[in-house]
Structures are given as C-alpha cells and as structure tokens.
Amino acid sequence: MTGVRVMVVDDHPMWREGVARDLTEAGHLVVATSGEGRQAVRVAAAARPDVVVLDLQLPDISGVEVIQGLRAALPRVRVLMLSASGEQQGVLDAVKAGATGYLLKSAAPAEFLDAVRRTAAGEPVFTPGLAGLVLGEYRRLAADPPAGGSGDDGAAPRLTERETEVLRLVAKGLSYKQIAGRLGLSHRTVQNHVQNTLGKLQLHNRVELTRYAIERGLDD
C-alpha cells in the first residue's frame, strides 16, 4: 500500500521525534505531531491523518479523552495506542473508546511499522496477549448486556452468506490473512467483505465488528 498519513501524539519529545523519523524513513507521511491531548484533537481536524499513533498518558487530558475527541472530529480516523503500560483497564478503556489497536513501546521497530500499516487497513493490532484480553471482555459484555432493551434495534441488516462467514471468523480473532487462507480467498477479497459489512452495519472498525459478532453468538 502507499504511504500512510500519520500523526504522532506523545509528550516525550525525543520519543515523538524518533517515531516520526522511523515512519518517514519507512515511506509514510507524518502530517503532524503533538505533545498534548487537546492540541492533538485540534491539529488532527486540520491535518486529517489516516492513523494517529497515541500515547495513553498525556499531561493535560487522558488518551481515552483524546480518542473520543478524535473520533468526534474525524469519524474514520484509526488510532493505534503506543504505550509503556499494558495495564488491563487502560487497554480496555482505550479500545472501548475507539482505538483500533494497542502496542507496547517495547515493540521492535519492524513490529511497530507493520502495526501502522495494518491499522491503516482496518485490522486490530495488539501486543501478544492483549488480543485475548479484549476478546474476553467483549464476550463478558455480550453475556451481560446493559439493562433496558433487548440490544436489537429492529431488523438486522441483511448480510450475504459469505459476509456472514467472514464475520464469524472475525469474531474468532482471525487476521485477514488467516481468514483468506481458511476460505480460499484473496486478502483483498476478505478486506472488501469486511468493508461492505462495516458499511451495512454502520460500524467504524474491526474492533466494533468483533463486538457486534460476539453479541450475536457468531464466535461459537
């Protein structure tokens, strides 16, 4: 894929500049950087990045509040958390707010650059061990829905048989590559099915899609 438009948000200047340099050398376009959350939301609205690489801990507002502000200003933006902390609640809060992935700062440069590419493509990317944590939380939420209402707002959008098949595998946590291999499809075809399904269900990313599928028992 062509270079990704990326914004880097971290309050440590040396780290921020190092990440921006790595991204530029890998062929991506760093459209903005910021060391504060409120400034990041304002700048992102003008810079219009595809992916925001965001630290969880910022000096003015939390990373979760930044995600919420970014999603309000740019509904299609994808957020990759890059944090020194893998604390369980912080990970879950970030994903619930709309983060597409969560990577620890201890990740190797090649792993980070791959995560940016995959995040731009809409794939959830997590440091090993965190994906299971997120899926487990979504299963818990699906088993214990909030009070008030059945959780089903009218008739569900009609998905094709193939879209439903892909959705089941998404709910099991498989990557696009794994789904393509399982179904004998190309990587691009799987991406197209996921994008079509997101559009029909009015969801924004694979994390939301996974929760939708689990809530309907498609991960069995």
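Bear in mind that the values here come from a model prediction, so they are computed numbers and not experimental data.

The rules behind each value
- Residues numbered from 1 in each chain as written.
- Predicted model: local features only at pLDDT ≥ 70, side-chain atom pairs only at ≥ 80, totals over all residues.
- Heavy atoms only, no water.
- Buried < 20%, exposed > 50% of the residue type's maximum accessible area, 1.4 Å probe, protein only.
- Helix = DSSP H or I, 4+ residues; strand = E, 2+ residues; numbered from the N terminus.
- Pairing = 2+ DSSP bridges.
- Axes fitted to C-alpha atoms, helices over the stretch in contact; angles between N-to-C directions.
- Parallel < 35°, antiparallel > 145°, perpendicular 65-115°, else oblique.
- Contact = heavy atoms within 4.5 Å.
- Nonpolar A, V, L, I, M, F, W, Y, C, P; charged D, E, K, R; others polar.
- Left-handed = near helix turned anticlockwise from the far one by under 90°.
- Expected span 1.5 Å × (residues − 1).
- Arc of directions from axis to C-beta.

A. Region of the structure containing the pairing of strand E4 (residues 78-83). Burial analysis of E4 places six of its six residues in the buried class, which makes it a mostly covered element. With burial as the criterion, each face of E4 is covered, one bearing Arg78, Leu80 and Leu82 and the other bearing Val79, Met81 and Ser83. Both strand E3 (residues 51-54) and E4 contribute to a ladder of four bridges, which runs parallel. Its bridge partner lying in E4, Val53 is registered against Leu80. As defined by bridge partners, E4 adjoins strand E5 (residues 101-104) across four bridges and the pair is classed as parallel. Opposite Leu82, over in E5, you have Leu103 as the bridge partner.

B. Fine view of the packing of helix H7 (residues 161-171) against helix H9 (residues 187-201). Viewed as axis vectors pointing N to C, H7 and H9 meet at an angle of 95 degrees, and their least axial separation amounts to 10 Å. The angle between H7 and H9 places the two elements in the roughly perpendicular class. Of H9, the residues touching H7 (which contributes Arg162, Glu163, Val166 and Val170) are Val190, His193, Val194, Asn196, Thr197 and Lys200. Class assignment of the residues belonging to the contact of H7 with H9 gives a composition of four nonpolar, three polar and three charged.

C. Focus on the packing of helix H1 (residues 13-25) against helix H5 (residues 109-120). The geometry of H1 relative to H5 is characterised by a closest axis approach of 11 Å and an angle of 70 degrees between their N-to-C directions. Classed by the angle they form, the pair H1 and H5 counts as roughly perpendicular. Relative to H5, the crossing made by H1 is right-handed. Residues Val19, Asp22 and Leu23 of H1 form the contact with H5, whose own contacting residues are Phe112, Leu113 and Val116. When its residues are assigned to classes, the contact of H1 with H5 shows five nonpolar, no polar and one charged.

D. View of H9. For H9, with 15 residues, the first-to-last C-alpha span of 21 Å sits near the 21 Å given by 1.5 Å per residue. Regarding H9, the residues found buried are Val190, Gln191, His193, Val194, Thr197, Leu198 and Leu201. Here the buried residues of H9 occupy an arc of 160 degrees about the axis, which is enough to place them on one side. Seen from the buried face of H9, the exposed residues on the opposite side, beyond 90 degrees, are Arg188 and Gly199. Phi for Gln202, located one or two positions after H9, is positive at around 55 degrees.

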